[in-house]
2 protein chains.
Amino acid sequence: MLIGAIDGGGTKVLTAVLTETGQILARRQAAAPTADVPGYFRQCAEMLAACAGEAGCGVFSLAGVGMNIPGMVTPDGYVLGSPSADWGRFDARPLLSTALGIASERVFFENDINACALAEQRFGGAGGDFVWITVSTGNGGAVVANGRLARGGGGCAGEFGHLKVERDKPYPCGCGGMGCLEAHASGVAIARRAREAGLPDGTDARKCEELARQGNAAALAVYDQTGVYLGRALAIAANLLNPSHAFIGGGVSKALDLMLPGISRTLSAEAVPQCAGLEVLRTRLGYEAALLGAGAVCLEGLR
Amino acid sequence: MLIGAIDGGGTKVLTAVLTETGQILARRQAAAPTADVPGYFRQCAEMLAACAGEAGCGVFSLAGVGMNIPGMVTPDGYVLGSPSADWGRFDARPLLSTALGIASERVFFENDINACALAEQRFGGAGGDFVWITVSTGNGGAVVANGRLARGGGGCAGEFGHLKVERDKPYPCGCGGMGCLEAHASGVAIARRAREAGLPDGTDARKCEELARQGNAAALAVYDQTGVYLGRALAIAANLLNPSHAFIGGGVSKALDLMLPGISRTLSAEAVPQCAGLEVLRTRLGYEAALLGAGAVCLEGLR
């Protein structure tokens, strides 16, 4: 069985044809403007068709197609909004199924971070209860409780990025709130703290990581403090849900080793002892987590 | 079908014989010393036998017996510890089944707050995803995700009492941490704030409620601030789990109306808009929530 995967992002799209064990047979990546919504879905369909051609099959012979939306979406494809793509509400299912020329029953949708958690479960070997946290430009997350993705009453569970992790010196968040995880532990927040710490102008999260690895004390402190904030969010998850694992993904997760001391200290201090044993790992799926996630979404939908 | 329910507390025990729809046919309540563990379980068994006699049946004819433990316990009755009963680890199942003289397959165990959530679901009509928070001497909680009680990898999910809700002026908690919900929104914390607000010596949560209802501004402020702290914990649950309801139980929940303004303001400020619609209600099960919970535990176990 071959399946199609579309990781729709706010600035770029990845598509792939996968086997049901997660082997990528063909892959495309391209920038994708989101302003013309039908055009965006046509581009996704064309990229996936090219992958199918390369894999030696047609889109028609795919068992189904899973697509990630960079925002809130119902399982049947109704987009509720995406800040990163600047989308409001619309029905994505007919747009995608028409563009692909396949039946709407064979296309499935999910929030991109939820998709990462599903991929971790299906292709990464994660069992039991766990949380997934992205550390990238922003912060997002997903919760797996009782072995199943937790969606909540309104389908919006997993908003790790807006947990309040700082009340003493809170920084304003893009959401309008104060002290959110995203305002303190995102790539943007790392760059801001690097600037405040007197590191050279233009030091972003990646450059700050480089400096930390060269032993720069200020850069190391920036990552340690990021670990403290992530630890606060993880302690919340530990106390409420007692997951056995937390998987950290997103570009900044490459620096997880620099953040782990701060994470561990904070988990010890803020999670009750019986929940503090949470194992914090970098996702085993690397850069492809979300793309594999779209495949997992398809396989979930086909069940 | 008749079932037995034992709500084992750190200072008192309630027992009942119930129908499977939650009608209480007979009920006993007594103080119970916890130091002699086998003696405690013998007392529970004697009280339940007296209920069975009053209900016109023997303990033998009960379909099963559910028992709450005021601490951590595995579903098969291994107690992991109880601060309120000062218990360490022991196997409760043989103690109870021997004391009752019934097969160990017919006795079922659960943490007392988890039991309340199961009762809310089975007898209170709660559907979907919700959280349960106790406001009593301390604070505890339970999480229902995907319609099922979340236990977590180690069986210890739902530790609402130790979520950090204050970082600016945190108060030490009995757990050794700082700024826990229990240190700021429990009955004990209400009494402490009442004292700090200059209310008469010996003003406990109940007396503070009376004063608030008489219009005392300081007492009203104590309850409003308690609502703010509860709101912070509820906003965490809203962001992570997007539950449709939160049920508040425990003795202090009688004053929920005095706390709701603070809860609502805080939810609006700290939960993302799509999760902030969480409806906060007093439990519909009143004082019997935990006792009915033990009945629900039995019915879950018999499924």
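What counts, and where the lines are drawn
Residues numbered from 1 in each chain as written. Chains lettered and ligands numbered in written order. Predicted model: local features only at pLDDT ≥ 70, side-chain atom pairs only at ≥ 80, totals over all residues. Least-squares fit on C-alpha atoms with pLDDT ≥ 70 in both. Helix = DSSP H or I, 4+ residues; strand = E, 2+ residues; numbered from the N terminus. Buried ≥ 20, exposed ≤ 12 C-beta atoms within 10 Å, placed from the backbone. Pairing = 2+ DSSP bridges. Axes fitted to C-alpha atoms, helices over the stretch in contact; angles between N-to-C directions. Contact = placed C-beta atoms within 7 Å. Arc of directions from axis to C-beta. Domains from an automatic or database assignment. Nonpolar A, V, L, I, M, F, W, Y, C, P; charged D, E, K, R; others polar. Parallel < 35°, antiparallel > 145°, perpendicular 65-115°, else oblique. Core = buried A, V, L, I, M, F, W, Y, C linked by C-beta atoms within 7 Å. Expected span 1.5 Å × (residues − 1).

Considering the relation of the copies chain B and chain A
Note on the chain copies: they are related by a rotation about an axis and a translation along it. For the match of chain B to chain A, the screw axis carries a shift of 0.0 Å, the RMSD comes to 0.0 Å, and the turn is 180°. Here the two chains are linked by the operation of a two-fold rotation axis. When each C-alpha of chain B is compared by its distance to the rotation axis, Asp168(B) comes out closest, at 2.4 Å.

Regarding unusual backbone geometry
The phi torsion at Asn242(A) lies on the positive side, around 45°, for a residue other than glycine. In this structure, Asn242(A) sits in the loop between helix 7 (217-241) and strand 12 (245-249). Its 27 C-beta neighbours within 10 Å are what place Asn242(A) among the buried residues. Here Asp86(B), not a glycine, exhibits a phi torsion of approximately 60°, which is positive. Here Asp86(B) is to be found in the loop between strand 6 (78-81) and strand 7 (90-91).

Considering the sheet that holds strand 1 (residues 2-8) of chain B
Residues and elements named next belong to chain B. Within the open sheet, the five strands sit side by side as 3-2-1-4-8. Their pairing is mixed. Single-partner strands in this sheet number two, and they are strand 3 (24-31) and strand 8 (107-111). Taking each pair of neighbouring strands and ignoring which way they run, the sheet shows an average axis angle of 15°. Sheet topology places strand 2 (residues 12-19) next to strand 3; seven bridges connect them, and they run antiparallel. Bridging from a neighbouring strand, valine 17 pairs with alanine 26 of strand 3. Against the sheet, helix 2 (residues 92-100) engages strand 4 (65-69) and strand 8, with an angle of about 135° to strand 8. Across the sheet, helix 3 (residues 112-122) lies against strand 1, strand 4 and strand 8, angled at about 105° from strand 8, the strand it touches most.

As for helix 2 (residues 92-100) of chain A
All names here are of chain A. Looking at helix 2, one finds that the buried residues are Ala92, Arg93, Leu95, Leu96, Ala99 and Leu100. An end-on view of helix 2 places all buried positions within 165° of arc, on one side of the element. Here the buried face of helix 2 lies against helix 1 (37-54), strand 4 (65-69), strand 5 (72-73), strand 6 (78-81), strand 7 (90-91) and strand 8 (107-111). Of the residues trailing helix 2, glycine 101 is marked for its positive phi of about 70°.

Some details on the domain arrangement of chain A
All names here are of chain A. On domain assignment, one finds that chain A holds domain 1 (2-117 + 288-302) and domain 2 (127-283). The distance between the C-alpha centroids of domain 1 and domain 2 comes to 27 Å. Taken together, the contact between domain 1 and domain 2 spans seven residues of the former and twelve residues of the latter. Considering each element in turn, the side of domain 1 that touches domain 2 owes the most residues, four residues, to helix 3 (residues 112-122).

Remarks on the interface of chain B and chain A
Interface size, as often reported, equals the accessible area lost upon joining of the parts. Counting residues at the interface gives 35 residues for chain B, matched by 35 residues for chain A. Among the elements of the structure, strand 10 (139-145), helix 7 (217-241) and helix 8 (256-270) of chain B are those that each provide at least two residues to the side of chain B that touches chain A. Ranked by residue count, the leading element in the side of chain B that touches chain A is helix 7 of chain B, at five residues. Here the side of chain B that touches chain A is built from residues that sort into 16 nonpolar, twelve polar and seven charged.

Notes on the environment of Leu96(A)
If you trace the backbone, Leu96(A) turns up in helix 2. Considering only alpha carbons, one finds Leu96(A) and Ala205(A), 109 residues apart in sequence, at a separation of 35 Å.

Comments concerning the pairing of strand 10 (residues 139-145) of chain A
Residues and elements named next belong to chain A. Across the seven residues of strand 10, seven count as buried, placing the element largely inside the fold. Of the two faces of strand 10, the one lined by Asn139, Gly141, Val143 and Ala145 and the one lined by Gly140, Ala142 and Val144 are each fully buried. The pairing of strand 9 (residues 130-135) with strand 10 spans six bridges and is classified as antiparallel. Note that in strand 10 the partner of threonine 134 across the bridge is glycine 140. Counting the residues that bridge the hairpin from strand 9 to strand 10 gives three residues. Here strand 10 pairs with strand 11 (residues 148-149) via two bridges, running antiparallel. Within strand 11, the residue paired with alanine 145 across the bridge is arginine 148. Linking strand 10 to strand 11, which pair antiparallel, is a turn of two residues; within it asparagine 146 sits at a positive phi near 50°.

What to know about the packing of helix 3 of chain A against helix 9 (residues 289-302) of chain A
All names here are of chain A. At their nearest, the axes of helix 3 and helix 9 sit 7 Å apart, and the two run at 80° to each other. Here helix 3 lies roughly perpendicular to helix 9, going by the angle between them. When helix 3 is examined against helix 9, the residues Asp112, Ala115, Cys116, Leu118, Ala119 and Arg122 are found in contact with a partner set consisting of Ala289, Ala290, Leu292, Gly293, Ala294, Ala296, Val297, Leu299 and Glu300. Among the residues making up the contact of helix 3 with helix 9, the classes are represented as eleven nonpolar, one polar and three charged.

What about the environment of Arg93(B)?
Residue and element names in this part refer to chain B. Relative to the helices and strands, arginine 93 resides in helix 2. Put simply, arginine 93 and glutamate 105 are twelve residues apart on the chain and 8.9 Å apart in space, counted from C-alpha to C-alpha. Residues contacting arginine 93, with those up to four places away along its chain left out, are Asp76, Gly77, Ser104 and Val107.

Some remarks on the nonpolar core
Of all hydrophobic cores here, the largest spans 224 residues; its most connected members are Leu48(A), Ala233(A), Leu234(A), Leu48(B), Ala233(B) and Leu234(B). Apart from residues lying up to four places away in sequence, Ala233(B) is in contact with Ile133(B), Phe160(B), Leu163(B), Val165(B) and Leu181(B).

Quick word on the sheet that holds strand 5 of chain A
Hydrogen bonds along the backbone pair up the strands of a sheet, which may run parallel or antiparallel. Residues and elements named next belong to chain A. Across the sheet, three strands lie side by side as 5-6-7; this open sheet has antiparallel pairing. The sheet is open, and its two borders are formed by strand 5 and strand 7, each paired with just one other strand. Looking at chain direction, strand 6 and strand 7 are connected through two bridges and run antiparallel. Within strand 7, the residue paired with tyrosine 78 across the bridge is aspartate 91.

So, helix 9 (residues 289-302) of chain B
All names here are of chain B. Across its 14 residues, helix 9 extends 20 Å between first and last C-alpha, which sits within 8% of the 20 Å expected from 1.5 Å per residue. Burial within helix 9 is extensive, with twelve of its 14 residues counted as buried. Listed as buried for helix 9 are Ala289, Ala290, Leu291, Leu292, Gly293, Ala294, Gly295, Ala296, Val297, Cys298, Leu299 and Gly301. Considering only its buried residues, helix 9 is in contact with strand 1, strand 2, strand 4, strand 8, helix 3 and strand 12 (245-249).

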